[in-house]
Amino acid sequence: MPAQVYAYAESNDVANSVGNYIIKHQNAALQSGETFKIALSGGSLGKVLKKALVDNKDIAAEVNWDKWEVYFSDERLVPLDHEDSNYGLFNSLVLKNLPAHIVLPKVYTIDESLVTGKDGQVQDVDIEKDLEIASKYESNLPKGAKFDVILLGCGPDGHTCSLFPGHKLLNERSKLIAYISDSPKPPPRRITFTFPVLENATTIAFVAEGAGKAPILKEIFEDKHTKLPSKLVNDLTTGVQVSWFVDNSAIEGVGIVPSKY
Ligand SMILES: O=C(O)[C@H](O)[C@@H](O)[C@H](O)[C@H](O)COP(=O)(O)O
């Protein structure tokens, strides 16, 4: 199933469209099950989610936060309130801005005590503990590692989650959550979803904005042979529906025909 691209002139429209997409899949998930299982990424996605799910009051009114189970498609091994934490970003931009009466979602974070130690201080690097963080996160994944929605970013090098071009983790098949200690994008120590989790999702959506993304989107959408991680997601053959929400500048000069969501 080819990836669908939805493009807008304004950043607000990208965010609103992402919000409507999330609500549609939330409602579908809650029709057949009790919870909505969504995975988030870091980077600029935090701001998009704030605009969509907090600032847009029409969309905000439709979010069943108490039924959400939130995971992170990748996470940096830093304390949860650290500026590099993907949870920290979601917490400060979205969760902390929800009205007081809202019942908060169940959010699955890394086990912070393995990063900071019992005294709350950041520990020296300990590979055993890092691997334990990854395996604990894996043990908390939904049954069958099945997500209703996985929201992804696409880095300027074509990485997604913490799956980087040419990295051996692109071939990881035995672990659902992998540990990476040599991330080319700082910070170096992270955990990440692997391809088996992405393949199993019901839907995946990328959000990419700004002219800086155009060269890599050109390669992803025009070069049939590229092995960039984001292109490998587009090419999944497991029935997962892949969408891209972009602004016009991100696809300037890219040979694709976008739609409106
Ligand atoms: O933890 C991470 O590093 C992110 O999850 C990462 O995969 C991000 O999604 C892309 O780098 C795109 O980031 P931008 O949207 O900020 O360009």
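Quantities reported herein were computed from a predicted structural model and do not represent experimental measurements.

Caption draft 1: Layout of helix 1 (residues 11-32). Here helix 1 contains 22 residues, and its C-alpha end-to-end distance of 32 Å stays within 8% of the 32 Å for a straight helix at 1.5 Å per residue. Taken residue by residue, helix 1 has Val14, Ala15, Ser17, Val18, Gly19, Tyr21, Ile22, Ile23, His25, Gln26 and Ala29 as its buried positions.

Caption draft 2: Focus on a nonpolar patch on the surface. A contiguous nonpolar patch, built from Val125, Ile127 and Leu131 and spanning about 250 Å² of accessible area, is present on the exposed surface. Its place among the elements puts Leu131 in helix 6 (residues 127-139). By relative accessible area, Leu131 is classed as partly exposed at 38%.

Caption draft 3: Up close: the site of the ligand. If you check the shell around the ligand, you find 15 residues, and the closest are Ser44, Asp74, Arg76, Lys185 and Lys213. Within the contact set of the ligand, an oxygen atom lies 3.0 Å away from a side-chain nitrogen or oxygen of Asn86. Here an oxygen atom of the ligand and a side-chain polar atom of Lys185 are 2.8 Å apart. A total of 420 Å² of accessible area belongs to the ligand in isolation, and the protein chains cover 90% of it. Here the residues of the shell around the ligand are counted per class, giving 2 nonpolar, 8 polar and 5 charged.

Caption draft 4: Representation of the environment of Thr202 within the structure. Inspection of the secondary structure puts Thr202 in the loop between helix 7 (195-200) and strand 9 (203-208). On the basis of relative accessibility, which here comes to 37%, the residue Thr202 falls in the partly exposed class. Residues Thr202 and Ala29, spaced 173 residues apart in sequence, show a C-alpha to C-alpha distance of 9.7 Å.

Caption draft 5: How the structure looks around unusual backbone geometry. Cis geometry marks the peptide bond from Pro186 to Pro187; its omega dihedral reads -5 degrees. Notably, Ala145 is not glycine yet its phi reads approximately 50 degrees, a positive angle. Note that Ala145 resides in the loop between helix 6 and strand 6 (149-152). The phi dihedral of Cys161 is positive, around 50 degrees, even though this residue is not glycine. Structurally, the position occupied by Cys161 is in the loop between strand 6 and strand 7 (177-180).

Caption draft 6: Local environment of the nonpolar core. Counting 86 residues, the largest nonpolar core has Ile22, Ile150, Leu151, Phe193, Leu198, Ile204 and Trp244 as its most contacted members. Element by element, the count of residues in this core is highest for helix 1, at 7 residues. Not counting the four nearest positions on each side in its chain, Phe193 is found in contact with Ala39, Tyr71, Phe72, Ser73, Leu141, Phe147, Ile150, Cys161, Leu163, Leu176, Ile177 and Leu198.

Caption draft 7: Highlighting the pattern of salt bridges. In total, this model carries 8 salt bridges according to the counting rule given. Asp111 is the salt-bridge partner of Lys136, the closest N and O atoms lying 2.6 Å from each other. With a gap of 25 residues between them, Lys136 in helix 6 and Asp111 in the loop between strand 5 (106-107) and helix 5 (113-116) connect regions that are remote in the sequence. On the basis of relative accessibility, which here comes to 35%, the residue Lys136 falls in the partly exposed class. Measuring nitrogen to oxygen at the nearest pair gives 2.8 Å for the salt bridge that ties Asp130 to Arg189. Here Asp130, found in helix 6, pairs with Arg189, found in the loop between strand 7 and strand 8 (190-193); they are 59 residues apart in sequence, far enough to count as distant.

Caption draft 8: Seen up close, the sheet that holds strand 7. Strand order in the open sheet formed by 3 strands is 4-8-7, with antiparallel pairing between adjacent strands. Two strands lie at the open edges of the sheet, namely strand 4 (74-76) and strand 7, each paired on one side alone. Taken over all neighbouring pairs, the strand axes of this sheet differ in orientation by 20 degrees on average, direction set aside. Inspection of the sheet shows strand 4 paired to strand 8 by 3 bridges, in the antiparallel sense. Within strand 8, the position partnered with Arg76 by the bridge is Arg190.

Basis of the calculations
- Residues numbered from 1 in each chain as written.
- Predicted model: local features only at pLDDT ≥ 70, side-chain atom pairs only at ≥ 80, totals over all residues.
- Heavy atoms only, no water.
- Helix = DSSP H or I, 4+ residues; strand = E, 2+ residues; numbered from the N terminus.
- Expected span 1.5 Å × (residues − 1).
- Buried < 20%, exposed > 50% of the residue type's maximum accessible area, 1.4 Å probe, protein only.
- Patch = residues over 30% accessible without salt bridge, like charges linked within 9 Å, V, L, I, M, F, W, Y side chains within 5 Å.
- Areas by Shrake-Rupley, 256 points an atom, 1.4 Å probe, with all protein chains shown as cover.
- Salt bridge = Lys/Arg side-chain N within 4 Å of Asp/Glu carboxyl O.
- Near = heavy atom within 4 Å.
- Polar contact = N/O pair within 3.5 Å; in protein donor to acceptor, adjacent residues only side chain to side chain.
- Nonpolar A, V, L, I, M, F, W, Y, C, P; charged D, E, K, R; others polar.
- Core = buried A, V, L, I, M, F, W, Y, C linked by side-chain atoms within 4.5 Å.
- Contact = heavy atoms within 4.5 Å.
- Pairing = 2+ DSSP bridges.
- Axes fitted to C-alpha atoms, helices over the stretch in contact; angles between N-to-C directions.

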